[in-house]
Amino acid sequence: SSTLASAAIVEHSFHVKNLTIGRLCRQRVITAVNGRLPGPTIRVHEGDTLVVQVFNESPYNITIHWHGIFQLLSPWADGPNMITQCPITPGRSYTYKFNVINQEGTLWWHGHVSLLRATVYGALIIRPKSGHEYPYPKPDKEVPILLGEWWNANVVDVENQAQITGGAPNISDAYTINGKPGDLYPCSQNPNQIYKLKVVEGKTYLLRIINAALNNQLFFKIANHKFTVVSVDASYTDPYVTDVVVIAPGQTTDVLLKADQPVGSYYMAARAYASAPQIPFDNTTTRGIVVYDGAASSANPLMPALPAFNDTPTAHKFYSNLTGLTDGPQWVPVPRQVDEHMFVTVGLALDRCAANATCQGPNGQRFSASMNNHSFQFPTSLSLLQAFFFNVGGIYTPNFPNNPPLKFDYTNPNVSNNTSLLFAPKLTSVKTLKFNSTVEIVLQNTALIAVENHPIHIHGFDFHVLAQGFGNYNAARDSKKFNLVNPQRRNTIAVPVGGWAVIRFQANNPGVWLVHCHLDVHLPWGLATAFVVENGPTPATRLPPPPADLPHC
Ligand code: C2O
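This structure is a prediction, so every number in the text was calculated from the model and none was measured. (Residues numbered from 1 in each chain as written. Predicted model: local features only at pLDDT ≥ 70, side-chain atom pairs only at ≥ 80, totals over all residues.)

A. Region of the structure containing the overall build of the protein. Broken down by element type, the protein carries seven helices and 32 strands. Within the protein, the proportion of its 553 residues that are buried is 51%. Within the protein, counting contacts between residues at least 6 apart in sequence, those at least 24 apart form 79% of the total. (Helix = DSSP H or I, 4+ residues; strand = E, 2+ residues; numbered from the N terminus. Buried ≥ 20, exposed ≤ 12 C-beta atoms within 10 Å, placed from the backbone. Contact = placed C-beta atoms within 7 Å.)

Okay, structure coming up:
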């Protein structure tokens, strides 16, 4: 193979530091990479080695996660705080080094401490190695579209405030497209606050759309134009034509956009798909402009009609119609023999308010969240991966259950009275998986506190999405719907509101891999666990020792 001949080493330096930036009528100090929002775009070819030296020049602890990268035998570079490393403290640095293999498409990187990923994020683009082509018509131009979420307040304060009060965090003040809110917000009419995409009639553009928002799924449209989806989460899909994209935090969606409309200006716009309307959300709209070469500057751009915030049928149609491109590059067939069956409930929960405190969560308690009635507690003295590698006891327990403790009507809001389900114990419990075992997981949303769509992300793996639906999962009925031929492959699945999804993957990568809801605030609330994948039988399937500069706690 030509792999070694063409592989390159791609190097970057990330300076994480404070940046003063003007948005929505005020100057604000944010934490960002290399003085930019979004941060730098990383471009590699499949097979390359990526080396990123991260210098923490900010006042906060930081780590960087390479969302969706498999990190095959490089788990020390994965990045989630206290899972694979201790944080890079202010003034220190750490070098992330890993190979990018067996995947192509759009991924991204983001901070994985506190809510800092609100401003610490950027695109990570993996092109086919030289001499290899996309499995779709070559676009004339490629354009990253990073959808973000903006707070006027400092985001670390936003999280601390939620932790102290026990309530939900304050909602964001704007959404953004490539860091810019667009002209529907106060003081944002200045042209430099509006993202502009210039196109030429007849040309085709590959939009690499990334949802970097913290707490909201988004609908995205361009007036009068259709998209052809060609890839999600860096896995090629059968071409799927749609006029609207739905995208959950963590996910990516690559679409071909043909400039096939009359020369003119057209808005692109995004706003929330809010599946739990009883929980307050930011219902504002961000927009940018698509301007055709030769368009009159006086013309008013056309505005797309976005779906209503609660348009679950439109979201479900988009999410469930995608299929994998089985004859495309990097396709992996669905593993047929399942070794480990798991049924995992995902949902909100409660934590008791201290006797002498007032708490702003539901029923005067504190918000919490759980998987299989375990509310994940992050370790504080050593990362899980260090504890695993060096065999240090007392950091975690391998007792994450394969099934929930109780069977009940998961989607019936009346179960909220069941205190043994509501008040989930706080545990650092993980699930151990044998090397190369095939794991199938039924993810079942619960109606405890709120019925909500939770985007579940698994670090270190892509999984096939075999089926998804509403209500309680029923194995006899729903396993008949499994797509074992050409299911979409993802690293983040938006488990339908009041519903379920079934995923399958092969645990072929030793290490410790965080599994969590990508609604950012649900992570400190405990909607997480970790997979500890054991070493394989050969030297080439065993964990390497940590790099010398791995941060200490
Ligand atoms: Cu994109 Cu654990 O994260």
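B. Summary view of the sheet that holds strand S27 (residues 463–470). Taking strand neighbours across the sheet as the criterion, the six strands line up as S21-S20-S25-S30-S27-S28 in an open arrangement whose pairing is mixed. Edge positions in the sheet fall to strand S21 (366–371) and strand S28 (489–490), since each has one partner strand and no second. Note: strand S25 (residues 438–445) against strand S30 (residues 499–506), seven bridges, orientation antiparallel. From the neighbouring strand, Val442 faces S30, where its bridge partner is Val502. (Pairing = 2+ DSSP bridges.)

C. Seen up close, the UniProt feature "domain: Plastocyanin-like" (unreviewed entry) in the protein. Here, UniProt's "domain: Plastocyanin-like" (unreviewed entry) annotation points to residues 17–130, 142–295 and 400–536. The span residues 17–130 is 0% helix and 46% strand, and its two end C-alpha atoms sit 35 Å from each other. The span residues 142–295 carries 7% helix and 47% strand; its end-to-end C-alpha distance comes to 21 Å. (UniProt positions renumbered as here; feature names shortened; annotations may be inferred.)

D. The arrangement of unusual backbone geometry in detail. In this chain, Leu37 is followed by Pro38 through a cis amide linkage whose omega measures -10 degrees. Phi at Asn34 is positive, roughly 55 degrees, even though this residue is not glycine. Structurally, the position occupied by Asn34 is in the loop between strand S2 (26–33) and strand S3 (42–45). The residue Ala234 is not glycine, and still its phi comes out positive at about 60 degrees. Turning to its location among the elements, Ala234 is positioned in the loop between strand S14 (227–232) and strand S15 (235–242). The class of Ala234 is buried, set by 28 C-beta atoms lying within 10 Å.

E. How the structure looks around the domain arrangement of the protein. Domain parsing of the protein yields domain 1 (1–130), domain 2 (133–324) and domain 3 (340–541). Residue-level contacts link 15 residues of domain 1 with 15 residues of domain 3. (Domains from an automatic or database assignment.)

F. Fine view of the confidence of the model for the protein. A residue-level look at the protein finds 99% of positions with pLDDT of 70 or above and a mean pLDDT of 96. Across the interface, the model reports ipTM at 0.99; the global pTM reads 0.97. (pLDDT = per-residue confidence, 0-100.)

G. Representation of helix H3 (residues 312–321) within the structure. Considered for burial, the residues of H3 that qualify are Ala315, Phe318 and Tyr319. Down the axis, H3 shows its buried residues gathered within 95 degrees of arc, on one side only. Tucked inside the fold, the buried residues of H3 contact S15, strand S16 (245–247), strand S18 (265–273), S27 and strand S29 (492–495). (Arc of directions from axis to C-beta.)

H. Representation of helix H2 (residues 155–165) within the structure. Along H2, the residues classified as buried are Val155, Val158, Glu159 and Ala162. For H2, the arc enclosing every buried residue in end-on projection is 95 degrees, short of the 170-degree limit, so these residues lie on one face. Phi for Gly166, located one or two positions after H2, is positive at around 80 degrees.

I. Structural detail: the sheet that holds strand S9 (residues 141–150). On the basis of which strands lie adjacent, the open sheet formed by six strands has the order S10-S9-S12-S17-S14-S15 and mixed pairing. Two strands lie at the open edges of the sheet, namely strand S10 (174–177) and S15, each paired on one side alone. On average, each strand axis in the sheet is tilted by 25 degrees relative to the strand beside it, whichever way the strands run. Relative to S10, S9 is paired through four bridges, and the arrangement is antiparallel. Within S10, the position partnered with Glu149 by the bridge is Tyr175. (Axes fitted to C-alpha atoms, helices over the stretch in contact; angles between N-to-C directions.)

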